[in-house]
2 protein chains.
Amino acid sequence: MAQQERAIRTRRVILEAAAAIFDEHGYKSTTIAEVLARADVTKGALYFHFPSKGDLARGVLEAAVTTDGVRPQALKLQEVIDTMLLLAHRLPREPMLSAALRMALDLSARRQFGTAWPEWTELIAGMLGDAKGRGEVLPHVDVADAARMMVCAWTGVRVVSEALPEQPELSGEIALLLQLLLPAVAAPTVLPRLEVSAARAAHLYADMPAWRAEAAEAAAASGLVH
Amino acid sequence: MAQQERAIRTRRVILEAAAAIFDEHGYKSTTIAEVLARADVTKGALYFHFPSKGDLARGVLEAAVTTDGVRPQALKLQEVIDTMLLLAHRLPREPMLSAALRMALDLSARRQFGTAWPEWTELIAGMLGDAKGRGEVLPHVDVADAARMMVCAWTGVRVVSEALPEQPELSGEIALLLQLLLPAVAAPTVLPRLEVSAARAAHLYADMPAWRAEAAEAAAASGLVH
């Protein structure tokens, strides 16, 4: 393994350890000593990648905005759906994602580090803009407004459903949400061609190792990793 | 003023004082002494109405599920919209409502007292069920699912928009949200007749004193208050 690749892995291991502890105990209660123990790395390695606990928080928030696993689709709107479905399937399984949300909901952490919501909104707005350029979105839809509402509603589904006594599965709930939102967004000819289901979320997730392998290969071919 | 009415008012004053402090500092940091000072009532009065701090929390959560100010409309769906719009206009102005949400987002308060979300969902589901019975809702819509999604999405809009740098006004954001959700819920003949705007929220709010006077009169006439 090349040195650069090893450094990337170490950084990721540290970040995942920090995310897991942020997710369990909150940002404030987490200590660097706990992160060191969980990541099983040297103090030097940790401080090389993350000079302070705040850098760990910022790293987690940054890593939580991701379209990993989303493949190009014939319809750009399907990519928006896939992004939101896959995130719903991954969040309960990946502390990096739930830690970022927990920090966004924690008023004191939010004041220090902000949230990933503006980046999410921008990402979705960009995808919706592409979809609109291809005629997939109803002409009167303001893509910035629609993107912000989609991010808001997605977040609300997670926040509320976690607190409901029946604790419904997040990907099923997000599929329901998207089915309610899409008729106001998608062009009528596009709407019936969109696939929105928890099963699709699970399928996209199962396909992630293959997606990662292809992404790594593409990166190697482009000379990004030596 | 009759004795019963006075007791109701004292109870309300105490609850509003508690809500204001919960909203500012969180449930855990609030002390009974602070509530006493803010409400300016005797210890005896406070303990008569609320034997413990937990009873104050439960009282706030209960008071936060409200259709006050929502008048009967020709379309039941308009009443659903009015409920959600009015709540959006009131929440930033009434600590009782924002305190209930803050407690729902606070993991430790939530574990002790639950949240108002199941009651909200039930309330909206009941209204949507009435609307469906009158043919205002698309036949394939599951009212329980739709109600839950509306409550989730409403909550998400509040949670996220509060954290956005531009801090958009809540009632405008909720109007946008409803415009996105309604095409998947309302029958096509009903949809264009629904009024969804921040201006309507402000109008409903301005009309609340008149609404209260009428409600008090109706209660007096029915012998509820002597």
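Residues numbered from 1 in each chain as written. Chains lettered and ligands numbered in written order. Predicted model: local features only at pLDDT ≥ 70, side-chain atom pairs only at ≥ 80, totals over all residues. Heavy atoms only, no water.

Topic: the UniProt feature "domain: HTH tetR-type" (unreviewed entry) in chain A
Cut-off, in case you're wondering: UniProt positions are given in the numbering used here, feature names are shortened, and annotations may be inferred rather than shown by experiment. Each helix is a run of DSSP H or I of at least 4 residues and each strand a run of E of at least 2, with the numbering of both proceeding from the N terminus.
According to UniProt, the "domain: HTH tetR-type" (unreviewed entry) feature falls on residues 8-68 of chain A. The span residues 8-68 of chain A carries 72% helix and 0% strand; its end-to-end C-alpha distance comes to 16 Å.

Details of the packing of helix α5 (residues 76-90) of chain B against helix α11 (residues 198-206) of chain B
Residues and elements named next belong to chain B. This is how the line gets drawn: Between N-to-C directions, angles span 0 to 180 degrees; the directions come from axes that are lines fitted to C-alpha atoms, helices contributing only their stretch in contact. In these notes the angle categories are as follows: under 35 degrees is roughly parallel, over 145 is roughly antiparallel, 65 to 115 is roughly perpendicular, and the rest is oblique. Note on contacts: a residue pair is in contact if any heavy atoms of the two residues lie within 4.5 Å. Amino acid classes used here: Ala, Val, Leu, Ile, Met, Phe, Trp, Tyr, Cys and Pro are nonpolar; Asp, Glu, Lys and Arg are charged; the rest, including Gly, are polar.
Across the interface, α5 lies against α11 with an axial gap of 8 Å and an inter-helix angle of 80°. Judged on the interaxial angle alone, α11 and α5 are roughly perpendicular. Contact residues: Gln78, Asp82, Leu85, Leu86, His89 and Arg90 in α5; Arg200, Ala201, Ala202, Leu204 and Tyr205 in α11. Residues belonging to the contact of α5 with α11 are distributed by class as follows: 6 nonpolar, 2 polar and 3 charged.

Points about the interface of chain B and chain A
We apply this condition: Buried area is a sum: the accessible area each of two parts loses on coming together, probed at 1.4 Å, counted once for each and added. Within this document, salt bridges are pairs made up of a side-chain nitrogen of Lys or Arg and a carboxyl oxygen of Asp or Glu, the two lying within 4 Å of each other. Contacts described as polar in this section are N or O atom pairs within 3.5 Å, which, within protein, must combine one atom able to donate a hydrogen with one able to accept it, while residues neighboring in sequence count only if both atoms come from side chains.
Facing 31 residues of chain B, the contacting portion of chain A comprises 31 residues. Across the chain B/chain A interface, buried area totals approximately 2,700 Å², and carbon plus sulfur atoms make up 80% of it. The largest contributions to the chain B side of the interface with chain A come from B:Met149, B:Val160 and B:Leu180, which together make up 23% of the buried area. At the junction of chain B and chain A, the tally comes to 4 salt bridges. As a salt-bridge pair, B:Glu173 and A:Arg148 come within 2.7 Å of each other at their nearest N and O atoms. Counting across the interface, chain B meets chain A through 2 residue pairs in polar contact (both at pLDDT 80 or more). Within the residue set of the side of chain B that touches chain A, elements represented by two or more residues are α6 (95-105), α7 (107-113), α8 (117-133), α9 (143-163) and α10 (170-181) of chain B. At 13 residues, α9(B) tops the list of elements feeding residues into the side of chain B that touches chain A. Of the residues belonging to the side of chain B that touches chain A, the class tally is 21 nonpolar, 4 polar and 6 charged.

Considering the UniProt feature "DNA-binding region" (unreviewed entry) in chain A
Cross-referencing UniProt, the feature "DNA-binding region" (unreviewed entry) maps to residues 31-50 of chain A in the present numbering. Secondary structure over residues 31-50 of chain A splits into 75% helix and 0% strand, and the C-alpha atoms at its two ends are 13 Å apart.

Some words on the domain arrangement of chain A
Residue and element names in this part refer to chain A. We apply this condition: Domain start and stop points were drawn from an automatic or database domain assignment.
Domain parsing of chain A yields domain 1 (3-63) and domain 2 (76-221). Counting residues at the interface gives 17 residues for domain 1 and 13 residues for domain 2. At the level of elements, α1 (3-25) and α4 (53-63) are the ones that each hand at least two residues to the side of domain 1 that touches domain 2. Among the elements that take part in the side of domain 1 that touches domain 2, α1 stands out by supplying 9 residues, more than any other. Split into classes, the residues belonging to the side of domain 1 that touches domain 2 amount to 9 nonpolar, 3 polar and 5 charged.

So, the nonpolar core
Convention followed: Take the buried Ala, Val, Leu, Ile, Met, Phe, Trp, Tyr and Cys residues and link them wherever side-chain atoms come within 4.5 Å; each set so joined is a nonpolar core. With a 1.4 Å probe rolled over the protein chains alone, any residue whose accessible area is under 20% of its type maximum counts as buried; one over 50% counts as exposed, and the rest are partly exposed.
Counting 154 residues, the largest nonpolar core has A:Leu77, A:Ile124, A:Ile174, B:Leu77, B:Ile124 and B:Ile174 as the members making the most contacts within it. Apart from residues no more than four positions distant in its own chain, B:Ile124 is found in contact with B:Val80, B:Thr83, B:Met84, B:Ala147, B:Met150 and B:Val151.

Section: the side chain of B:Thr66
Residue and element names in this part refer to chain B. The topology assignment puts Thr66 in the loop between α4 (53-63) and α5. Judged by its relative accessible area of 11%, Thr66 is buried. At 2.9 Å, the side chain of Thr66 and the backbone nitrogen of Asp68 are in polar contact. Apart from the residues within four sequence positions on either side, Thr66 is in contact with Thr83, Arg90, Leu97 and Trp120.

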